[in-house]
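# Secondary and tertiary structure notes
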Amino acid sequence: MSGEFQSRFPGYNVLDKWDSPSWNEQTRRVIKDRLENVPERRFFSEQEWTTLHAICARLIPQPDRADAPVPIVPFIDKKLHNNEGDGYRFETMPPMREAWQRGIAAVDAECRVRHGTAFAELPDNLKDATLRAIQHGDVRSETWRDLPAKKFFEIMLRQIVSIYYAHPAAWTEIGFGGPASPRGYVRLGFDRRDPWEASEAHD
Amino acid sequence: MTDSPRAKDGRAPDVFRAGGWIPMRCHRDQDEVDFVIVGTGAGGGTLACKLAEAGFSVVALDAGHFWRPLEDFASDELHQQKLYWRSERITGGDDPVTLGSNNSGRSVGGSTVHFTMVSLRISPDRLKSRSRLGYALDWPIEPEEMWRYYAEVEDALKISGPVHYPWGPPRGRYPYRPHEVNAAGLVLARGCEKMGVAWAATPLATVSAPRGRAHPCVYRGFCAIGCSTNAKQSALVTWIPRAIAAGAEIRDLAMVGRIEIGRDGMATGVLYHREGEWRRQRARNVVVAGYAIETPRLLLNSACPMFPNGLANSSGIVGKYFMPQSNHAVWGTMEEEIRWYKGPPCMAICEHWNYTHAGKDFPGGYCFLSQGPLPMEWSHSVAGSRGLWGMELRQEMAKYNHYAGLKIVGEVLPQEKNRVELADEEDELGLRIPRVIFGYGEEDKKLYGHAIRFMRDCLDAAGGKDIWPEEDTAHLLGGCRMGTEPANSVTNADGRSWDIANLWICDGSLFPTSAGVNPSLTIQALACRIGDRIAAMASRGELSHPARAFA
């Protein structure tokens, strides 16, 4: 689960196309806002904020960006502050805000039951083992009694990856073409690439 | 994003011009219009056009925005979530359906604004599945008639499709030539050829040649989050401008909370919320076109002393026989670069298992299509369904350009226990929110089991490696099914409710069976037919009489 991230697309940066016909004005506006206006903490408590940062650092580790990781927690905080739902709530789950607050507290509680300390204080291998146990619903803390651990983990992971893979840095690392309007693509077949697409490194 | 309505004061947005406007006939709330339509998607948008062109006065209300795609749509998955219905809904049952994204829409044009443009006909036998194939129930419309309406819609949307479609009875030529199939689609083609089954370029509602002020599709690949070039033939850029030109009024950001009933038991109009206040639009007829969740929700929320169980619900089945379609997939990596983000997501199709019965242990049908998820959606599969996280997730995601996949649109059989009902909670407008209960039946499980096995073999034959399956659902249907008997259906074949002669339904909730194809073409064909039927009934003076007299 750890180690360095190996890029298949060295030298590619989706942001290099910012001023090209692949990016229209409304897309530049949206992405500029995402890059420059990272939200402040308004919803979570300091404790929740710290724990969730530590969780994100395991679910999406970014050792290759130690100085400037893609921010994730601030956007979850903003979504919860604005109470912007996804359009559904599982019958077995409490309302969104309550689910996040109780879920994060339960992660810490689970760590205390297992290891006597909060999540953020654990070494990486125990953090990962605890997260995997929660993912599989193998939990011991009482705090999960009215909160299905598996479901909470699934919702949390889905939210975290949504934010990460909505960031240009993530588009770059997977070789995605990125924004494409008004200019789309011409070459569609096997192993075909337009000049404005990422070039893959071959060993 | 604008939060005040655009379509008002005699004008509506021109979807083909940044900042542009077109003139629009407007009615006062106290005017009794011929038809008020709730929802402007594949059902309501199409019907608004048909009724306005037939000379009726029409007001169509939508809870969502009236977008100008050229200036409002960014190439960004997160931002474009504004196209989805994201109000709270509760989902439960043995197999809770994930709601709020691909299977919802909240815009003028409804979910056609972000649909993947796959435009398929239901096979004649599946429309008569009870009498011809011995399962589920028949649609109350003759297949030949449905197929005539399919042709009308295909022409209205200038569908780009293959010269020869390999399955089903002969059909006319598609109006526009097929698109060049992308690598993701060629994987499906290669697999099908190895498996000995036919494949085809998917008939798509995105133009392969110029049409009016829309230029051909540029293969930007963001179709499922809104087309920013207008090549996509959504209701927003087809039926809606036609409807307005014919005199219909579209009201955006107008959420209908209740259908009102007069002392004679007939609908008198709707109560709707717009610009911060509740307003009332009077109408001689009310059409509900809110799709499979909002339509039953509105009928149930409109309960009144005369109809305490909700409107059009004397049978007790409003909200019942709700059907998502199964949307299971297989994914695998290819030696070649695929780069499935280019072009429409589903450029190749196999409908073999909608038309072949030999070797199946289940009655329903399915098609499968090639895929092209954008990164965020793809991360939901890799993290959500496969459960990967950590560096393992990042490395797996980095194979994005080598992945290919096949995904079904599978028939789910109708079951009474699968339903939309009202929860006790209320939304910000004080309207009770819906609860959706769903669980697959045994036949449904056999179908997707078969599909996963077949597609796994197909992808393997095409050269796919490390293949893994995923469960999902798409398209929500049923809940207000049409039929021939008032005791076991909500409307007749014309979408006219059995109980209230001037209350109509026109959307996917009418489907008696879900069939194994994407439903948008069928919803539009039904709307065209309902429009023609209403015009015919009006000319005979039959609009004010109860439905059952003409069943």
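Note that the structure is predicted; figures quoted are calculated from it, not measured. (Residues numbered from 1 in each chain as written. Chains lettered and ligands numbered in written order. Predicted model: local features only at pLDDT ≥ 70, side-chain atom pairs only at ≥ 80, totals over all residues. Heavy atoms only, no water.)

## Considerations on the overall build of chain B
To keep things clear, this is the line we draw: The way it works is that DSSP assigns letters per residue, a run of H or I at least four long becomes a helix, a run of E at least two long becomes a strand, and they are numbered from the N terminus. For the radius of gyration, the atoms used are the C-alpha atoms, and the globule rule reads 2.2 Å times the number of residues raised to 0.38. Each residue gets one of three labels from its accessible area relative to the maximum for its type: buried under 20%, exposed over 50%, partly exposed in between, using a 1.4 Å probe on protein chains only. Note on contacts: a residue pair is in contact if any heavy atoms of the two residues lie within 4.5 Å. Methods summary: accessible areas were calculated by the Shrake-Rupley approach with a probe of 1.4 Å, and residue burial reflects only the protein chains presented.
Within chain B, the secondary structure is distributed over 13 helices and 20 strands. For chain B, whose C-alpha radius of gyration is 22 Å, the value lies close to the compact-globule estimate of 24 Å for 551 residues. In terms of overall dimensions, chain B has C-alpha extents of about 70 × 55 × 45 Å along its principal axes. Across the 551 residues of chain B, 68% fall into the buried class. Counting only contacts in chain B whose residues sit at least 6 apart along the sequence, the fraction spanning at least 24 positions is 73%. As presented, chain B carries roughly 16900 Å² of accessible surface, and 48% of it is formed by carbon and sulfur atoms.

## Some words on the sheet that holds strand β16 (residues 419-426) of chain B
As a reminder, the rule being used: Paired strands, in this sense, are two strands between which DSSP finds at least two bridges. Geometry is summarised by axes, namely lines fitted to C-alpha atoms with helices restricted to the contacting stretch, and by angles between N-to-C directions that run from 0 to 180 degrees.
In space, the four strands of this open sheet follow the order β1(A)-β5(B)-β17(B)-β16(B), with mixed pairing throughout. Single-partner strands in this sheet number two, and they are β1 (89-90) of chain A together with β16 of chain B. Both β1 of chain A and strand β5 (residues 90-92) of chain B contribute to a ladder of two bridges, which runs parallel. Paired with F90 of chain A across the bridge in β5 of chain B is T91 of chain B. Contacts between helix α8 (residues 291-301) of chain B and the sheet are confined to β16 and β17 (432-437) of chain B, with β16 of chain B contributing the most and set at about 60° to the helix.

## Section: the side chain of K128 of chain B
Residue and element names in this part refer to chain B. Using the following cut-off: Throughout this description, a polar contact denotes any pair of N or O atoms lying within 3.5 Å of each other; where both atoms belong to protein, one of them has to be capable of donating a hydrogen while the other can accept it, and for residues adjacent in sequence the pair is counted only when both atoms sit in side chains.
Here K128 is to be found in the loop between α3 (124-127) and α4 (129-133). Within polar-contact distance, the side chain of K128 engages the backbone oxygen of W139 at 2.7 Å. Setting aside residues up to four positions removed in sequence, K128 forms contacts with L133, D138, W139, P140, I141, E142 and P143.

## Considering empty space enclosed by the protein
Residue and element names in this part refer to chain B. To keep things clear, this is the line we draw: The method works on a 1 Å grid over the protein atoms by themselves. A cavity is a set of points holding a 1.4 Å probe that cannot get out, a pocket is an open set with protein on both sides within 12 Å along at least five of seven lines, and residues with an atom within 4 Å of a point line them. Grid points are joined across faces, edges and corners, and a volume is the space filled by probe spheres set on the points. Ten residues, namely Ala, Val, Leu, Ile, Met, Phe, Trp, Tyr, Cys and Pro, are considered nonpolar, four, namely Asp, Glu, Lys and Arg, are considered charged, and the remaining ones, Gly among them, are considered polar.
Within this structure, the stated rule accounts for six cavities of 30 Å³ or more. In this structure, the largest cavity occupies an estimated 80 Å³ of space. M117, T206, C217, V218, R220, G221, F222, C223, C227, T229, A231 and K232 together form the lining of the largest cavity. In terms of residue class, the lining of the largest cavity is made up of seven nonpolar, three polar and two charged.

## Thoughts on the interface of chain A and chain B
Stated formally: Joining two parts hides part of their accessible area as seen by a 1.4 Å probe, and the buried area is that hidden amount summed over both. Any Lys or Arg side-chain nitrogen found within 4 Å of a carboxyl oxygen on Asp or Glu counts as a salt bridge.
The partner chain B presents 65 residues to the 67 residues of chain A that form the contact. A combined buried area of about 5500 Å² lies between chain A and chain B, and 56% of that area is made up of carbon and sulfur atoms. Summed over the three residues of chain A that lose the most area to chain B, namely R89, L188 and F190 of chain A, the buried surface amounts to 15% of that side. In this assembly, chain A and chain B are joined by eight salt bridges. In this structure, D76 of chain B and R34 of chain A form a salt bridge, with 2.5 Å as the shortest nitrogen-oxygen distance. Our count for the contact surface shared by chain A and chain B stands at 33 residue pairs in polar contact (both at pLDDT 80 or more). For the side of chain A that touches chain B, the secondary structure elements donating two or more residues are α1 (25-36), α2 (46-59), β1, α5 (124-135), α6 (149-164) and α7 (168-174) of chain A. For the side of chain A that touches chain B, the residue count by class is 28 nonpolar, 19 polar and 20 charged.

## Describing helix α12 (residues 442-461) of chain B
Residue and element names in this part refer to chain B. The criterion, for reference: Expected helix span is given by 1.5 Å per residue-to-residue step, counting one fewer step than there are residues.
The first and last C-alpha atoms of α12 sit 29 Å apart over 20 residues, in line with the 28 Å expected at 1.5 Å per residue. The set of residues buried in α12 consists of D444, L447, Y448, G449, H450, A451, I452, F454, M455, C458 and L459. Looking at the residues trailing α12, positive phi occurs at G463, about 105°.

## Notes on the packing of helix α4 (residues 96-115) of chain A against α6 of chain A
Residue and element names in this part refer to chain A. Applied cut-off: Working definition: roughly parallel below 35 degrees, roughly antiparallel above 145 degrees, roughly perpendicular at 65 to 115 degrees, and oblique for all remaining angles.
Axis separation between α4 and α6 bottoms out at 11 Å; the angle between their running directions is 105°. Comparing the axis directions of α4 and α6 gives the class roughly perpendicular. For the pair α4 and α6, the contacting residues are A99, W100, G103, I104 and V107 in the first and F152, I155, M156 and Q159 in the second.

## Thoughts on the pairing of strand β12 (residues 329-333) of chain B
All names here are of chain B. A large share of β12 lies buried, amounting to five of its five residues. Burial along β12 is two-sided: the residues A329, W331 and T333 and V330 and G332 are all buried. Here five bridges tie β12 to strand β15 (residues 403-410), and the two strands are oriented antiparallel to one another. Bridge pairing in β15 links A329 to K407.

## Observations regarding helix α3 (residues 73-81) of chain A
All names here are of chain A. In terms of burial, α3 is largely enclosed, as seven of its nine residues are buried. Buried within α3 we find V73, P74, F75, I76, D77, K79 and L80. In this structure, the buried side of α3 is in contact with α1, α2, α4 and α6. With its phi angle positive at about 50°, N83 sits one or two positions after the end of α3.

## Topic: the packing of α2 of chain A against α3 of chain A
Residues and elements named next belong to chain A. To keep it simple, the criterion reads: Crossing handedness is defined as follows: a turn of the near helix away from the far one that is anticlockwise and smaller than a right angle gives a left-handed crossing, while the clockwise case is right-handed.
Axis separation between α2 and α3 bottoms out at 10 Å; the angle between their running directions is 130°. It follows from the interaxial angle that α2 and α3 lie oblique. Relative to α3, α2 is oriented so that their crossing is right-handed. Across the interface between the two elements, W49, L52, H53 and C56 from α2 touch V73, P74, I76 and D77 from α3.

## What to know about the side chain of Q135 of chain A
Among the structural elements, Q135 of chain A can be located in helix α5. Given the relative accessible area of 13%, Q135 of chain A is considered buried. Separated by 2.8 Å, the side chains of Q135 of chain A and W389 of chain B make a polar contact. In contact with Q135 of chain A, other than residues within four places in its own chain, are K150 and F153 of chain A together with G387 and W389 of chain B.

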